[in-house]
Amino acid sequence: MAITTKNLPQLYRFCFLMTGDAVKAQAAFQDTVREAATRAAGEEPPPDRLWFFRDARWRCVALGEQGLQAESGMLEEVEISPTAPVQIEQLEPAQLAVWVSAAPEPQRSALALFYLDEFTLGELLSLLELKAGEFSELICSGRRQFQAWLDSTIAYYGGETYDARQV
(Lines give C-alpha, C1' and ligand atoms only; values in the text may rest on other atoms or scores of the structure.)
Protein backbone atom coordinates (compact mmCIF):
# COMPACT_ATOMS: atom_id res chain seq x y z
CA MET A 1 0.00 0.00 0.00
CA ALA A 2 1.29 3.46 -0.93
CA ILE A 3 0.56 5.17 2.38
CA THR A 4 2.50 4.57 5.56
CA THR A 5 1.39 4.86 9.16
CA LYS A 6 3.37 8.13 9.17
CA ASN A 7 0.88 9.58 6.65
CA LEU A 8 -2.29 8.44 8.42
CA PRO A 9 -2.33 11.23 11.04
CA GLN A 10 -1.97 13.78 8.23
CA LEU A 11 -4.83 12.14 6.34
CA TYR A 12 -7.05 12.43 9.43
CA ARG A 13 -5.97 16.08 9.98
CA PHE A 14 -6.91 16.80 6.39
CA CYS A 15 -10.34 15.24 6.91
CA PHE A 16 -10.82 17.26 10.11
CA LEU A 17 -9.85 20.54 8.39
CA MET A 18 -12.17 19.76 5.50
CA THR A 19 -15.21 18.90 7.61
CA GLY A 20 -14.66 20.84 10.85
CA ASP A 21 -16.34 17.95 12.65
CA ALA A 22 -14.59 15.01 14.35
CA VAL A 23 -17.37 12.53 13.56
CA LYS A 24 -17.50 13.44 9.86
CA ALA A 25 -13.69 13.48 9.68
CA GLN A 26 -13.50 10.02 11.19
CA ALA A 27 -16.11 8.71 8.75
CA ALA A 28 -14.27 10.09 5.71
CA PHE A 29 -10.92 8.87 7.03
CA GLN A 30 -12.16 5.35 7.81
CA ASP A 31 -14.04 5.01 4.52
CA THR A 32 -10.92 6.06 2.60
CA VAL A 33 -8.68 3.60 4.44
CA ARG A 34 -11.31 0.85 4.05
CA GLU A 35 -11.55 1.53 0.29
CA ALA A 36 -7.76 1.34 0.01
CA ALA A 37 -7.71 -2.00 1.86
CA THR A 38 -10.46 -3.36 -0.40
CA ARG A 39 -8.57 -2.26 -3.50
CA ALA A 40 -5.33 -3.80 -2.20
CA ALA A 41 -7.09 -7.10 -1.46
CA GLY A 42 -8.46 -7.07 -5.00
CA GLU A 43 -4.98 -6.71 -6.52
CA GLU A 44 -5.56 -3.00 -7.37
CA PRO A 45 -3.79 -1.13 -4.58
CA PRO A 46 -3.88 2.67 -4.58
CA PRO A 47 -1.03 3.88 -6.81
CA ASP A 48 0.41 6.47 -4.41
CA ARG A 49 -0.23 8.49 -1.27
CA LEU A 50 -1.96 11.20 -3.30
CA TRP A 51 -4.77 8.73 -4.03
CA PHE A 52 -5.65 8.69 -0.32
CA PHE A 53 -5.94 12.47 -0.16
CA ARG A 54 -7.94 12.66 -3.41
CA ASP A 55 -10.36 10.02 -2.20
CA ALA A 56 -10.69 11.62 1.23
CA ARG A 57 -11.21 15.04 -0.36
CA TRP A 58 -14.26 13.93 -2.33
CA ARG A 59 -15.66 12.07 0.67
CA CYS A 60 -15.24 15.20 2.83
CA VAL A 61 -16.85 17.42 0.19
CA ALA A 62 -19.83 15.05 0.02
CA LEU A 63 -20.14 15.01 3.82
CA GLY A 64 -19.88 18.79 3.90
CA GLU A 65 -22.86 19.09 1.58
CA GLN A 66 -25.01 17.42 4.22
CA GLY A 67 -26.48 19.55 6.99
CA LEU A 68 -25.99 23.29 7.44
CA GLN A 69 -24.31 25.24 4.67
CA ALA A 70 -22.42 28.50 4.95
CA GLU A 71 -24.01 31.37 3.10
CA SER A 72 -22.09 32.47 0.06
CA GLY A 73 -20.77 35.99 0.11
CA MET A 74 -17.63 38.02 0.17
CA LEU A 75 -15.53 37.79 3.30
CA GLU A 76 -13.48 40.71 4.50
CA GLU A 77 -9.81 40.56 3.55
CA VAL A 78 -6.97 42.34 5.35
CA GLU A 79 -3.21 42.29 4.97
CA ILE A 80 -1.46 39.50 6.85
CA SER A 81 -0.20 40.79 10.18
CA PRO A 82 3.29 40.15 11.54
CA THR A 83 1.48 39.10 14.74
CA ALA A 84 -0.45 36.34 12.95
CA PRO A 85 1.75 33.51 14.33
CA VAL A 86 1.05 34.66 17.91
CA GLN A 87 -2.66 34.90 17.15
CA ILE A 88 -2.70 31.42 15.59
CA GLU A 89 -0.97 29.94 18.65
CA GLN A 90 -4.02 30.97 20.68
CA LEU A 91 -6.41 28.93 18.53
CA GLU A 92 -7.72 25.50 19.38
CA PRO A 93 -7.44 23.00 16.48
CA ALA A 94 -11.24 22.86 16.27
CA GLN A 95 -11.41 26.64 15.71
CA LEU A 96 -9.09 26.41 12.72
CA ALA A 97 -10.98 23.40 11.36
CA VAL A 98 -14.34 25.16 11.63
CA TRP A 99 -12.97 28.19 9.78
CA VAL A 100 -11.32 26.16 6.98
CA SER A 101 -14.35 23.88 6.59
CA ALA A 102 -16.61 26.91 6.05
CA ALA A 103 -14.63 28.05 2.99
CA PRO A 104 -16.16 27.31 -0.41
CA GLU A 105 -14.68 24.66 -2.68
CA PRO A 106 -12.01 24.58 -4.06
CA GLN A 107 -10.61 27.11 -1.57
CA ARG A 108 -11.41 24.80 1.36
CA SER A 109 -9.38 21.96 -0.16
CA ALA A 110 -6.53 24.30 -1.11
CA LEU A 111 -6.29 25.73 2.41
CA ALA A 112 -6.55 22.34 4.12
CA LEU A 113 -3.84 20.80 1.93
CA PHE A 114 -1.63 23.91 2.12
CA TYR A 115 -1.73 24.08 5.92
CA LEU A 116 -0.79 20.41 6.24
CA ASP A 117 2.61 21.38 4.80
CA GLU A 118 2.88 17.86 3.39
CA PHE A 119 2.98 18.35 -0.37
CA THR A 120 5.11 19.93 -3.07
CA LEU A 121 3.53 22.56 -5.29
CA GLY A 122 3.26 20.01 -8.11
CA GLU A 123 1.46 17.58 -5.82
CA LEU A 124 -0.92 20.30 -4.60
CA LEU A 125 -1.78 21.29 -8.17
CA SER A 126 -2.34 17.66 -9.10
CA LEU A 127 -4.54 16.96 -6.07
CA LEU A 128 -6.63 20.07 -6.65
CA GLU A 129 -6.64 19.92 -10.46
CA LEU A 130 -5.72 23.63 -10.55
CA LYS A 131 -3.22 25.80 -12.36
CA ALA A 132 -0.55 27.56 -10.30
CA GLY A 133 -2.18 30.99 -10.67
CA GLU A 134 -5.57 29.69 -9.54
CA PHE A 135 -4.01 27.99 -6.54
CA SER A 136 -2.05 31.12 -5.63
CA GLU A 137 -5.19 33.28 -5.74
CA LEU A 138 -7.12 30.83 -3.54
CA ILE A 139 -4.35 30.71 -0.93
CA CYS A 140 -3.65 34.47 -0.94
CA SER A 141 -7.32 35.35 -0.65
CA GLY A 142 -7.88 32.67 2.00
CA ARG A 143 -4.95 33.87 4.10
CA ARG A 144 -6.18 37.48 4.00
CA GLN A 145 -9.70 36.34 4.95
CA PHE A 146 -8.24 34.20 7.73
CA GLN A 147 -6.30 37.21 9.04
CA ALA A 148 -9.51 39.27 9.15
CA TRP A 149 -11.17 36.45 11.09
CA LEU A 150 -8.16 36.18 13.43
CA ASP A 151 -8.29 39.92 14.09
CA SER A 152 -11.95 39.62 15.07
CA THR A 153 -11.33 36.51 17.19
CA ILE A 154 -7.86 36.85 18.74
CA ALA A 155 -6.82 40.43 19.36
CA TYR A 156 -3.12 41.26 19.76
CA TYR A 157 -2.10 44.51 21.41
CA GLY A 158 1.37 45.51 22.56
CA GLY A 159 2.74 42.01 22.97
CA GLU A 160 -0.40 40.66 24.66
CA THR A 161 -3.05 38.43 23.14
CA TYR A 162 -6.69 38.75 24.13
CA ASP A 163 -9.94 37.07 23.27
CA ALA A 164 -11.36 39.73 20.94
CA ARG A 165 -14.75 39.45 22.62
CA GLN A 166 -13.14 40.78 25.83
CA VAL A 167 -11.39 43.80 24.31
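Residues numbered from 1 in each chain as written. Predicted model: local features only at pLDDT ≥ 70, side-chain atom pairs only at ≥ 80, totals over all residues. Heavy atoms only, no water.

### Points about helix H1 (residues 8-19)
Here is step 1 of the chain: Helix length check: H1, at twelve residues, gives a terminal C-alpha distance of 17 Å against a target of 16 Å (1.5 Å per residue), a fit within 8%.
Here is step 2 of the chain: Those residues of H1 that are buried lie in contact with helix H2 (22-41), helix H3 (49-64), helix H5 (93-101) and helix H6 (107-116).
Here is step 3 of the chain: Downstream of H1 by one or two residues, Gly20 has phi in the positive range, about 70°. (Helix = DSSP H or I, 4+ residues; strand = E, 2+ residues; numbered from the N terminus. Expected span 1.5 Å × (residues − 1). Contact = heavy atoms within 4.5 Å.)

### Describing the packing of aromatic side chains
Here is step 1 of the chain: With the rule as written, the count across this model stands at ten aromatic pairs.
Here is step 2 of the chain: With centroids separated by 6.4 Å and ring planes inclined at 10°, the aromatic side chains of Tyr12 and Phe16 adopt a geometry described as stacked. Highlighted residues: Tyr12 and Phe16, both in helix H1, separated by four residues, approximately one helical turn.
Here is step 3 of the chain: Of the residues examined, Phe16 reaches a relative accessible area of 17% and is grouped as buried.
Here is step 4 of the chain: Relative to Phe146, the ring of Tyr115 has its centre 6.4 Å away and its plane inclined at 55°; by these criteria the two rings are tilted. Remark: Phe146 occurs in helix H8 (residues 132-153) and Tyr115 occurs in helix H6; sequence separation between them is 31 residues.
Here is step 5 of the chain: Cluster of aromatic residues (ring-pair linked, three or more members): Trp99, Phe114, Tyr115, Phe146 and Trp149.
Here is step 6 of the chain: The ring of Trp58 carries the charged tip of Arg57 above its face, separated from the ring centre by 4.4 Å. (Phe/Tyr/Trp six-rings, centres within 6.5 Å; stacked < 30°, edge-to-face > 60°. Buried < 20%, exposed > 50% of the residue type's maximum accessible area, 1.4 Å probe, protein only. Lys NZ or Arg CZ within 6 Å of the ring centre and 35° of its normal.)

### Some points on the packing of H1 against H3
Between two packed helices, the angle of one axis relative to the other and the distance separating the axes together describe the packing.
Here is step 1 of the chain: Between H1 and H3, the shortest axis-to-axis distance is 10 Å and the interhelical angle comes to 25°. As far as their axial angle goes, H3 and H1 are roughly parallel. For the pair H1 and H3, the sense of crossing is right-handed. Within the contact between the two elements, H1 uses Gln10, Leu11, Phe14, Cys15, Met18 and Thr19 and H3 uses Phe52, Phe53, Ala56, Arg57, Cys60 and Val61.
Here is step 2 of the chain: Per-class residue counts for the contact of H1 with H3 are nine nonpolar, two polar and one charged. (Axes fitted to C-alpha atoms, helices over the stretch in contact; angles between N-to-C directions. Parallel < 35°, antiparallel > 145°, perpendicular 65-115°, else oblique. Left-handed = near helix turned anticlockwise from the far one by under 90°. Nonpolar A, V, L, I, M, F, W, Y, C, P; charged D, E, K, R; others polar.)

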